[in-house]
Amino acid sequence: MFDGREPIYIQIADQIRGDILAGHLAEGEQVMSTTQYATTFRINPATAAKAFAQLVDEGVLYKQRGVGMFVAEGAPDRLRVGRRETFLEDLLEPVLAEARVLGISTSELIRWIERSGAAADLTTTTTSTEGEQR
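An account of the accompanying structure is given in this report.

So, how was this worked out
- Residues numbered from 1 in each chain as written.
- Predicted model: local features only at pLDDT ≥ 70, side-chain atom pairs only at ≥ 80, totals over all residues.
- Heavy atoms only, no water.
- Helix = DSSP H or I, 4+ residues; strand = E, 2+ residues; numbered from the N terminus.
- Buried < 20%, exposed > 50% of the residue type's maximum accessible area, 1.4 Å probe, protein only.
- Contact = heavy atoms within 4.5 Å.
- Areas by Shrake-Rupley, 256 points an atom, 1.4 Å probe, with all protein chains shown as cover.
- Core = buried A, V, L, I, M, F, W, Y, C linked by side-chain atoms within 4.5 Å.
- Polar contact = N/O pair within 3.5 Å; in protein donor to acceptor, adjacent residues only side chain to side chain.
- Expected span 1.5 Å × (residues − 1).

1. What to know about the overall build of the chain
- Counting its regular elements, the chain contains six helices and two strands.
- In the chain, the succession of α and β elements from N to C terminus is α-α-α-β-β-α-α-α.
- The burial tally for the chain puts 22% of its 134 residues in the buried class.
- Taking all contacts inside the chain whose residues are at least 6 apart in sequence as the whole, residues at least 24 apart take part in 48%.
- Surface accessibility of the chain: about 9,200 Å² in total, with carbon and sulfur atoms responsible for 54%.

See the structure below:
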């Protein structure tokens, strides 16, 4: 499961972020404990704890003493805002730069997006930076 180049604690944090964004973990929902993570994925409990600490620092999770860790209120929206910026800067900008080099016009790119069906999906699921549905 954890076979990426990044440290395991970062992969764990990314997995939890992804589960929250995908709706697999809802606001207020309890997440696995560090001990459960360590046992399930056969990793050092300190590694899991480091991932959880990072998510708590980011305001994605919160601790309830003696009970466990839970998804923080507003976490999906905060994650979405961060991911949107990363997507636009890290993924879309290089694609657009390559399109310019290849002489692909804006209208041609739009046709490709529309043909893929992504345009309809994007307009119904896109949120603004304030977290409101468009």
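2. What about the nonpolar core?
- With 21 residues, the main nonpolar core has I16, I20 and F52 as its most contacted residues.
- Elements with a minimum of two residues in this core: α1 (8-21), α2 (34-41), α3 (45-57), β2 (68-71) and α4 (75-102).
- With residues near it in sequence (within four places) discarded, I16 still touches L25, Y37, F52 and L55.

3. Observations concerning the side chain of Q11
- Summarising the element assignment, Q11 is placed in helix α1.
- Relative accessible area serves as the criterion here: at 13%, Q11 is assigned to the buried category.
- With sequence-adjacent residues up to four places away left out, Q11 is seen in contact with M1, F2, D3, G4 and E6.

4. A word on the side chain of R17
- Note on placement: R17 falls in helix α1.
- At 2.7 Å, the side chain of R17 forms a polar contact with the side chain of E58.
- When neighbours within four sequence positions are excluded, R17 is seen to be in contact with Q54, L55, E58, L79 and R83.

5. Focus on α1
- For α1, built from 14 residues, the straight-helix expectation of 20 Å at 1.5 Å per residue is met to within 8% by its first-to-last C-alpha distance of 20 Å.
- At its buried positions, α1 is contacted by α2, α3, β2 and α4.
- Just beyond α1, the residue with positive phi is G23, at close to 85°.

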